[in-house]
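Report on the structure
Now for the letters of each chain:
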Amino acid sequence: MSSSIVLLFMTLSLVTGAKLTEDESVKTTKTEAVAGGVAKLPCDITPPAKGDKVHLLIWYKEGVSSPIYSVDARNQTVESGRHWSEEGTLGNRAYFQSSGQPARLTIESVRDGDAGIYRCRVDFRKSPTRNTRVNLTVIIPPDQLSVLDEKGEHIPHYILGPYNEGSTVHITCVSTGGRPLPKVTWWLENALLDDSYEVISDRKVRNVLTVSGLERRHLHAVFTCQASNNNRLAPIASSVSLDMNLRALWVKLLGENRPLSSDTTYEISCEVVGARPTPIITWWKGSVQLRNTRETTSTDGNRTVSTLILSPNMEDSGKFLSCRAVNSRIPGSGIEDGWKLNIYHVPIVTLELGSNLNGSWIREGVDVYFECNIKSNPWVYRVSWRHNGKTVTNNPNGGTILANQSLVLQTVSRARAGIYTCVASNQEGDGESNPLYLDVKFSPVCRPGQANVVGVGKGETVKISCEIESNPSPIEYIWRFNNTGESIEISNTRYTTEGSHSIVTYTPNTEHDFGTLLCWAKNQLGLMHQPCAYHIIPAGRPDSLLNCSLINQTEISLGVECSEGFDGGLPQQFVMEVFESRKKMLIANITSSTPTLTVAGLPPGLEFEVNVYASNSKGKSDSVIIHTYTLKSPQKRTAMNPVMLQLVPLLGMLLGLVATFVLIAVCIVIALKCREKNKRQDNDKINELKQHNHGHSTESLENNPDIIPLNSEFQGANEKSVETSNMTLYPSEMRIETSIKPKKGEVTYAELSLAGTCNAYSELLSPGGEPTVYAQIEPGSHINHISQHTTVNICDTLDRVCIPGRGGTITATRF
């Protein structure tokens, strides 16, 4: 514990029993506080000498031997000093505020025991000690008010009376509790009526208000009793309202007495004027009291309107409808008014199923009939029928027969199920019967709208739901798998059943597992006639998009519209990738569920490469590549004079002619070089073949398919130039190498090495300069034979440009 705190407790111990001497100057003040409120005890802490400061501040209370509150302000201000409060007397309810003028000790939640004389002792650093007395008076508000009637009983709901006009009323108000005893007064709104209260005990004060000669103006007058013993809190108050009995001046049915339609709701009003309080208004139909009413009263209470909600029927015709108003507190005050009822009504119709039919078990194919019972005045001129709200027409050929008040349905189907009603019409309107639900039982059928083609890959697992419509619900499901070679029933362990649908889990592992899944359902009526079929097809990546064309080509946007190809048996989406042509930089990537894609925000006047393809969970299709550009922005050309504008087309034509001549010259040079090289290579090849085949007979040379006969046709071929649109390959000049054996479902490429081709043409086929072309061999195919002078159609697989040859053919046979 710090030395300062020890010193504080020593100081408090020294001054605990200190008493005031006669020489000490003491100033006494008075203050009040309401119990439960806040008490503020002033204490002057202003130093008498300039430059002095408060050193220690201690509060005492008479009857308490020790200090109850202290502030240690040594070496600091009063606000930041150490505050201490005695737990038993003040606890945490008190705090000292030095910022006010004067400073004060604030006590919250004041109690009755807090009343008494307090002393504030202030020790200054240099000046003498100052003591201040404060006499705290605790005011206790009155506890409650009781307003009593003339019998001395509490007034229920604070409504006094009722009293008749001209009578006298006595109202007593009693206040209980409070110190000092309160004043008890009577008020009418803001006007003081009576302040002559009397003390009847040490805790009770009473005031009796007398009002004579009650008039109609006293109706609902509010008399308020108030009790108060201080000016800090609002007085407690209790109010009562005066009720009076007044006789009704008249009773009258409002409106015109006219015929009423049966089963139609009417509101008939009855006006009662002058009765107070609200009279007892009753409605009568003959000797039967009607209770479906509501009442409204004017703000002044002088006029009361009772409204009867009446739905008459045909039996009410000729009865007397009356309205009667009675003030039960005034004998002989009943008055009434009434009409004689004249009732028209729409037909009353009830619908029943044929008496010999069991409505809970009607199967498809049976005959059903309904009977319409009608009660009407006047009689009906038309009877119609409705099925689910739609009118039923007579159609004997279709199995619907309308006869008088009957409806016959022949050979009902499940489409005939639903709600039926009968409607009878007379001059009053249409009367519709009770709805009757026709429940038609039928065997299970497939729910329309199901997807019946399911794409799935080998080894993948798919869940297929068989959804059924039936009445009653299915009790059993059967699944079978069919393909071209077999029909297999699926074990019930591979599917689940939940009411109107069954879910099978299926995994195709081989090609034979692709086929059709068939689902049958069975209920109490039997097995469904036609199963639900779900075709299982191999799922793969989608086909390329078709018929792609540019749309919405502007300065900043491009659009592509295509036709979608086969989706591979799975849901597909469409992607457009936009690249800047020169730098091959991706500019935009757009995905859509439709094959119409648009990209915006592109720079104007640039060339782009647009790749469009489809994708699904198995992969993506081959891309469709479109080279396009955005339009150039319009620019102002105000600096060009008319002469320059006329020279621009001429300069363009000259540049085009020069470029054309240069291109023709280059082509001629390339053709001549290719011709010379081909002729030289052919001569070298002939010499090589002569040396290689030396020693063989002429017959063997002719029969060997790998040897080219030296005839005039071959020699003539050497003299012909190679054209870019036609090239002949000989068996000895071509070899086909396959790196792997084709498997079913895979794509294999064959390598064709071409000898004797010109460098320019080889460069076209293979950018690396090697005379090699890769031809695609379809899955499951092989080369049967290559005849002499075989023509190979060489295709660029990207641009789909084919260069045909001459001679024989390559025949491919699919496994």
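Quick notes on the rules
- Residues numbered from 1 in each chain as written.
- Predicted model: local features only at pLDDT ≥ 70, side-chain atom pairs only at ≥ 80, totals over all residues.
- Heavy atoms only, no water.
- Pairing = 2+ DSSP bridges.
- Helix = DSSP H or I, 4+ residues; strand = E, 2+ residues; numbered from the N terminus.
- Axes fitted to C-alpha atoms, helices over the stretch in contact; angles between N-to-C directions.
- Buried < 20%, exposed > 50% of the residue type's maximum accessible area, 1.4 Å probe, protein only.
- Core = buried A, V, L, I, M, F, W, Y, C linked by side-chain atoms within 4.5 Å.
- Contact = heavy atoms within 4.5 Å.
- Disulfide = S-S within 2.5 Å.
- pLDDT = per-residue confidence, 0-100.
- Salt bridge = Lys/Arg side-chain N within 4 Å of Asp/Glu carboxyl O.
- Patch = residues over 30% accessible without salt bridge, like charges linked within 9 Å, V, L, I, M, F, W, Y side chains within 5 Å.
- Areas by Shrake-Rupley, 256 points an atom, 1.4 Å probe, with all protein chains shown as cover.

Concerning the sheet that holds strand 27 (residues 335-340)
Taken in spatial order, the four strands make up an open sheet running 23-22-26-27, and their pairing is antiparallel. Each edge of the open sheet is held by one strand with a lone partner, namely strand 23 (288-290) and strand 27. Averaged over all pairs of adjacent strands, the angle between strand axes in this sheet comes to 25 degrees, irrespective of strand direction. In terms of strand pairing, strand 22 (residues 280-285) meets strand 23 through three bridges, oriented antiparallel. From the neighbouring strand, K285 faces strand 23, where its bridge partner is V288.

Looking at the sheet that holds strand 25 (residues 303-310)
Across the sheet, four strands lie side by side as 19-21-25-24; this open sheet has antiparallel pairing. What marks the edges here is a single partner per strand, and that holds for strand 19 (250-253) and strand 24 (293-297). Each strand axis lies, on average, 20 degrees off the axis of its neighbour in the sheet, ignoring direction.

A few points about unusual backbone geometry
The amide bond that connects G161 to the next residue, P162, takes the cis arrangement and shows omega of 10 degrees. Here N377 and P378 are connected by a cis peptide whose omega angle stands at 0 degrees. If you trace the backbone, P378 turns up in the loop between strand 30 (368-377) and strand 31 (382-387). A positive phi angle, close to 55 degrees, is found at H157, a residue other than glycine. Assignment of secondary structure puts H157 in the loop between strand 10 (144-148) and strand 11 (159-164). For H157, a relative accessible area of 73% gives the class exposed. Despite not being glycine, N388 has its phi angle at roughly 55 degrees, a positive value. Relative to the elements of secondary structure, N388 occurs in the loop between strand 31 and strand 32 (390-392).

Re the nonpolar core
With 27 residues, the main nonpolar core has W59, Y69 and F96 as its most contacted residues. Those elements that place two or more of their residues in this core are strand 2 (39-43), strand 3 (54-61), strand 4 (69-72), strand 6 (94-97), strand 7 (103-107), strand 8 (116-124) and strand 9 (130-139). Per-element accounting of this core gives the leading share, four residues, to strand 8. Residue contacts for W59: discarding those within four places in its chain leaves L41, P42, C43, P67, I68, Y69, F96, L105, Y118, R119, C120 and V134. Ranked by size, the runner-up nonpolar core spans 23 residues in total, among them I490, L517, A521 and Y534.

What to know about the state of the cysteines
Within this structure, the stated rule accounts for seven disulfides. One disulfide in the model links C43 with C120; its S-S distance is 1.8 Å. Taking the sign of the torsion about the S-S bond as the criterion, the disulfide between C43 and C120, at about -60 degrees, is left-handed. With C43 in strand 2 and C120 in strand 8, the pair connects residues that are 77 residues apart, well separated along the chain. You'll find C43 and C120 in the same group, each marked buried.

So, the pairing of strand 40 (residues 462-471)
Direction of pairing for strand 38 (residues 440-446) relative to strand 40: antiparallel, over a ladder of three bridges. What sits directly across from V445, in strand 40, is E469. When strand 40 meets strand 44 (residues 501-506), the two strands line up antiparallel, connected through six bridges. Following the sheet pairing, I464 is matched in strand 44 by V504.

Thoughts on the confidence of the model for the protein chain
Residues at a pLDDT of 70 or more form 78% of the protein chain, whose mean pLDDT is 78. Contacts from residues 20-24, a stretch scored under 50 in pLDDT, to residues over four places away or in other chains number six contacts. Across residues 692-815, confidence stays below pLDDT 50; counting only partners more than four residues off in sequence or on other chains, it has 176 contacts.

Description of the pattern of salt bridges
Inspection of the entire model under this criterion finds 25 salt bridges. Of the charged contacts in the structure, one is a salt bridge between R206 and E198, with a shortest N-O distance of 2.7 Å. Overall, the relative accessible area of 38% leaves E198 in the partly exposed class. Sharing partners across several salt bridges, the network here consists of K285, D316 and K319.

Brief notes about a nonpolar patch on the surface
Taken together, the side chains of L651, L654, L657, F661, I664, I668 and L672 define a hydrophobic patch exposed on the protein surface, amounting to about 720 Å² of accessible area. Relative to the elements of secondary structure, I668 occurs in helix 2 (residues 642-692).

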